Amino acid sequence: MKFLQPLVYAVFYLISLLPYRALYVLADVLHVIVYDVVRYRLKVVRHNLATSFPEKSDKELRRIERGFYRWLCDYFVETIKLMTVSRKELLRHVEFRGVEKVEACFDRGQTCAGILGHYGNWELLSAFGLAFTRHKEAVVGLIYHPLRNHVFDRLFIKLRQSMGGVCIPKQDILRYLVEFRRQGVMNIFGYIADQAPKYQNTHLWLPFLGHDTPVFTGAERIMRKMNNAVFYVDVERPARGRYVYTFKLMTAAPATLPEHEITRRYFKYLEQTIRRAPAYYLWSHNRWKRTHEEYDRRVKSEELRVKS
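The text that follows walks through the structure, step by step, so that each part is easy to find. Because the structure is predicted, anything quoted here is derived from the model rather than measured.

## Side note on the overall build of the chain
Part 1: Helices and strands together make up the secondary structure of the chain, namely 11 helices and 9 strands.
Part 2: Radius of gyration (C-alpha) of the chain: 20 Å, near the 19 Å computed for a compact globule of 308 residues.
Part 3: With respect to the principal axes defined by its C-alpha atoms, the chain has extents near 50 × 50 × 40 Å.
Part 4: Across the 308 residues that make up the chain, the buried fraction comes to 49%.
Part 5: Counting only contacts in the chain whose residues sit at least 6 apart along the sequence, the fraction spanning at least 24 positions is 77%.
Part 6: Of the roughly 15,600 Å² that the chain leaves accessible, carbon and sulfur atoms contribute 55%.
Part 7: Taking the average place of the 50 positive charges on the side chains of the chain and the average place of its 31 negative ones, the gap between the two points comes to 4 Å.

## Description of the pairing of strand β5 (residues 187-192)
Part 1: With 5 of 6 residues buried, β5 lies mostly within the body of the structure.
Part 2: Relative to β5, strand β2 (residues 112-116) runs parallel, the two being bridged by 5 bridges. What sits directly across from Ala 113, in β5, is Phe 189.

## Some words on the environment of Phe 231
Part 1: You can see Phe 231 is positioned in strand β8 (residues 229-239).
Part 2: Residue Phe 231 is classed as buried on the basis of its relative accessible area, which comes to 0%.
Part 3: The spacing of Phe 231 and Ile 262 is 31 residues in sequence and 9.9 Å in space, taken between C-alpha atoms.
Part 4: Sequence-distant contacts of Phe 231, that is, excluding residues within four places in its chain, are made with Lys 101, Val 102, Cys 105, Cys 112, Ala 113, Gly 114, Ile 115, Phe 247, Lys 248, Leu 249 and Met 250.

## Considerations on the sheet that holds β5
Strand-to-strand pairing in sheets goes through backbone hydrogen bonds, with the strands running parallel or antiparallel.
Part 1: Pairing within the open sheet is mixed, and its 7 strands lie in the order β1-β9-β8-β2-β5-β3-β4. What marks the edges here is a single partner per strand, and that holds for β1 (94-97) and β4 (166-169). The mean angle between the axes of side-by-side strands here comes to 30°, regardless of whether they run parallel or antiparallel.
Part 2: Of the strands in this sheet, β3 (139-144) and β4 touch helix α7 (residues 150-160), which is tilted by about 155° from β3.
Part 3: Across the sheet, helix α9 (residues 218-226) is in contact with β2, β5 and β8; its angle to β5 comes to roughly 160°.

## Comments concerning helix α10 (residues 261-276)
Part 1: Here α10 contains 16 residues, and its C-alpha end-to-end distance of 23 Å stays within 8% of the 22 Å for a straight helix at 1.5 Å per residue.
Part 2: Taken as a whole, α10 has its buried residues at Ile 262, Thr 263, Tyr 266, Phe 267, Leu 270, Glu 271, Thr 273 and Ile 274. Seen along its axis, α10 keeps its buried residues to an arc of 165°; they face one direction.

## Quick word on the pairing of β2
Part 1: Taken across its 5 residues, β2 has 5 buried, putting it largely inside the fold.
Part 2: Here β2 shows no split at all, with Cys 112, Gly 114 and Leu 116 on one side and Ala 113 and Ile 115 on the other all buried.
Part 3: Examined bridge by bridge, β2 and β8 share 4 bridges and lie parallel to one another. Following the sheet pairing, Ile 115 is matched in β8 by Tyr 232.

Calculation criteria
Residues numbered from 1 in each chain as written. Predicted model: local features only at pLDDT ≥ 70, side-chain atom pairs only at ≥ 80, totals over all residues. Heavy atoms only, no water. Helix = DSSP H or I, 4+ residues; strand = E, 2+ residues; numbered from the N terminus. Rg over C-alpha atoms; globule rule 2.2 N^0.38 Å. Buried < 20%, exposed > 50% of the residue type's maximum accessible area, 1.4 Å probe, protein only. Contact = heavy atoms within 4.5 Å. Areas by Shrake-Rupley, 256 points an atom, 1.4 Å probe, with all protein chains shown as cover. Lys, Arg positive; Asp, Glu negative; His and termini not counted. Charge placed at Lys NZ, Arg CZ, Asp CG, Glu CD. Pairing = 2+ DSSP bridges. Axes fitted to C-alpha atoms, helices over the stretch in contact; angles between N-to-C directions. Expected span 1.5 Å × (residues − 1). Arc of directions from axis to C-beta.

As structure tokens, this is what we get:
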């Protein structure tokens, strides 16, 4: 299997050398294969869309569905492009707003956290540090779940760190944050907090896109412990190949808010983002496969011990 890593890397590297215009032609070809031929997770996508937008007609849902698969293929080639794109060229495709608010927190010695969803191209946020003017030494951290496939795990780490970001496995994040605080290193870490937790890791259920949804609260607990200024990262895609990331301050004093308030606000803001332009959300993830009824049954029958 060792030969696979250089082979995969070489193929992706050659693809990344293509100009953006050629990459989007490739994405159009992939769209036909993924959507029309392979029909990748089409049942999951249709179920998620239909239950999230019961007020929309079949025609509207199919339009969103096609747009989702087109964006998904764009996401793939845009991410591969990170292997070779220059920082100057990438900044022509991404815009960061609210940078001054993040740097103002650094000015007063407060570290930050950005909370976002699987919306737009979250991989490009690794370039956020390029927008700093007064704190170019600050760490932009990317928390990730290691992939089972070692080849692709190494590849994605390389892609995510190509613009100066630092990848930290989720199980190690607290240790790194404590060490950064000890050293006085300013940092902002991104938390993608809309995954589906297992029953034993579920501490909160919230309404989200018309579903009773189990949610992670671990990110909020870390933000409170580290006294982070918490920003919601709103994402817009005004045109193909262009993203706008707006950092909106949720709170500079997380410990003063009621428990779970940050998580509640986050899911409210994320739903607003999704409803504005639904096609750019990761609908292929089966995030509503666990039900509150089954959770209650397991807790009542003592089959389940929820982890603290």
